[in-house]
Amino acid sequence: MPKDYTFEDLKPGILLLAEPFLDEPAFHRAVILLCEHTSSHSFGLVLNHPQDAILDSIREEKVMEEIPLYTGGPVDQTILQFIHRRPDLISGGQEILPGLFWAGDFEQAIEAIINQQIEFKDIKFFVGYSGWSAGQLEREVKSDSWILEPATLDYVFDETPESLWRLVLYQKGGNYRILSTYPDDPTLN
């Protein structure tokens, strides 16, 4: 389903959905929230690849046992990042789209969780990230590796990771609705 995308289509707040035939395990059925896109690089976080680990397993000081982690992408698994929709409790975040913030004061975020002021439906933590060098993402989009769709707060926070890829494609409509039903392994069909 080729489309001529322009540089302006790629911007923070856009979702990148891996096309179903993308032969890259790190991006299998991935839904990536684009957080930054400039002429020199692009950066995003995979919203639908939860890890089996929790935050306490990668931090020395124990803050809370049940903070789930997501794999943000294959790049630099030593980096911990977060997105949230609570700027009233976490200062310093960068607004990606209205009501959605990337990063901010990490200690405020942890404190808000410990004090039960913020719920996990309002914040997500990621290990690693998805990154592209200058022009790389544009080339991948033009070669139909990614399907673009504007993000919504519901997509980012309220949908289950297991259903997100199919749901976004289904709601996009048209031929994308057909793609949403494509099996993980077509040889089993």
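S.K.: Teacher, can you tell me more about the overall build of the protein chain here?
M.R.: Within the protein chain, the secondary structure is distributed over five helices and 10 strands. A buried classification covers 44% of the 189 residues belonging to the protein chain. Intrachain contacts of the protein chain at a sequence separation of at least 6 include 62% that bridge at least 24 residues.

S.K.: I would appreciate a short explanation of the environment of Val46 in the present structure.
M.R.: Relative to the helices and strands, Val46 resides in strand β3 (residues 41-46). Considering only alpha carbons, one finds Val46 and Leu16, 30 residues apart in sequence, at a separation of 9.0 Å. Residue contacts for Val46: discarding those within four places in its chain leaves Phe27, Ala30, Val31, Ile32, Tyr70, Thr71, Gly72, Gly73, Phe126 and Ser130.

S.K.: What am I meant to see in the pairing of strand β6 (residues 75-84) here?
M.R.: Remember that side chains alternate between the two faces of the sheet whenever the strand is regular. Bridge analysis of β6 against strand β9 (residues 123-133) gives six bridges, and the strand direction is antiparallel. The partner of Leu80 across the bridge, within β9, is Val127.

S.K.: What is the right way to look at the packing of aromatic side chains in this model?
M.R.: Both the distance between ring centres and the angle between the ring planes are used here to describe each pair of aromatic rings. Applying the stated criterion to the full structure yields nine aromatic pairs. Ring geometry for Trp132 versus Trp146: centroids 6.2 Å apart, planes at 90 degrees, classification edge-to-face. Linking Trp132 in strand β9 with Trp146 in strand β10 (residues 146-150), this pair joins segments that are 14 residues apart in sequence. Members of the aromatic cluster, each reached through a chain of ring pairs, are Phe27, Trp132 and Trp146. The ring of Tyr70 is capped by Lys124, whose NZ or CZ atom sits 4.7 Å from the centre of that ring. In this structure, Lys172 packs its charged tip against the face of Tyr176, placed 4.9 Å from the ring centre.

S.K.: How should the nonpolar core be read in this particular structure?
M.R.: One finds Leu15, Leu17, Leu33, Leu47, Ile83 and Leu100 to be the most contacted residues of the largest nonpolar core, which totals 26 residues. Sequence-distant contacts of Leu47, defined by excluding residues within four places in its chain, comprise Leu15, Val31, Leu33, Tyr70, Ile83, Lys124, Phe126, Val156 and Leu164. If you look at the next biggest cluster of nonpolar residues, it comprises 14 residues, including Ile14, Leu16, Val141 and Trp146.

S.K.: What is the right way to look at the pairing of β10 in this model?
M.R.: Across the five residues of β10, four count as buried, placing the element largely inside the fold. Pairing of strand β1 (residues 14-18) with β10, which is carried by five bridges, proceeds in the antiparallel orientation. In the sheet register, Ala18 faces β10, and the bridge partner there is Trp146.

S.K.: How do you make sense of the side chain of Ser42 when you look at a structure like this?
M.R.: Note on placement: Ser42 falls in strand β3. The exposure class assigned to Ser42 is buried, which follows from its relative accessible area of 4%. In this structure, Ser42 is in contact with Leu34, Glu36, His37, Ser130, Gly131, Trp132 and Leu137, ignoring residues within four places of it in sequence.

Parameters and conventions
- Residues numbered from 1 in each chain as written.
- Predicted model: local features only at pLDDT ≥ 70, side-chain atom pairs only at ≥ 80, totals over all residues.
- Heavy atoms only, no water.
- Helix = DSSP H or I, 4+ residues; strand = E, 2+ residues; numbered from the N terminus.
- Buried < 20%, exposed > 50% of the residue type's maximum accessible area, 1.4 Å probe, protein only.
- Contact = heavy atoms within 4.5 Å.
- Pairing = 2+ DSSP bridges.
- Phe/Tyr/Trp six-rings, centres within 6.5 Å; stacked < 30°, edge-to-face > 60°.
- Lys NZ or Arg CZ within 6 Å of the ring centre and 35° of its normal.
- Core = buried A, V, L, I, M, F, W, Y, C linked by side-chain atoms within 4.5 Å.

Shape is all these values report; function is a separate question.
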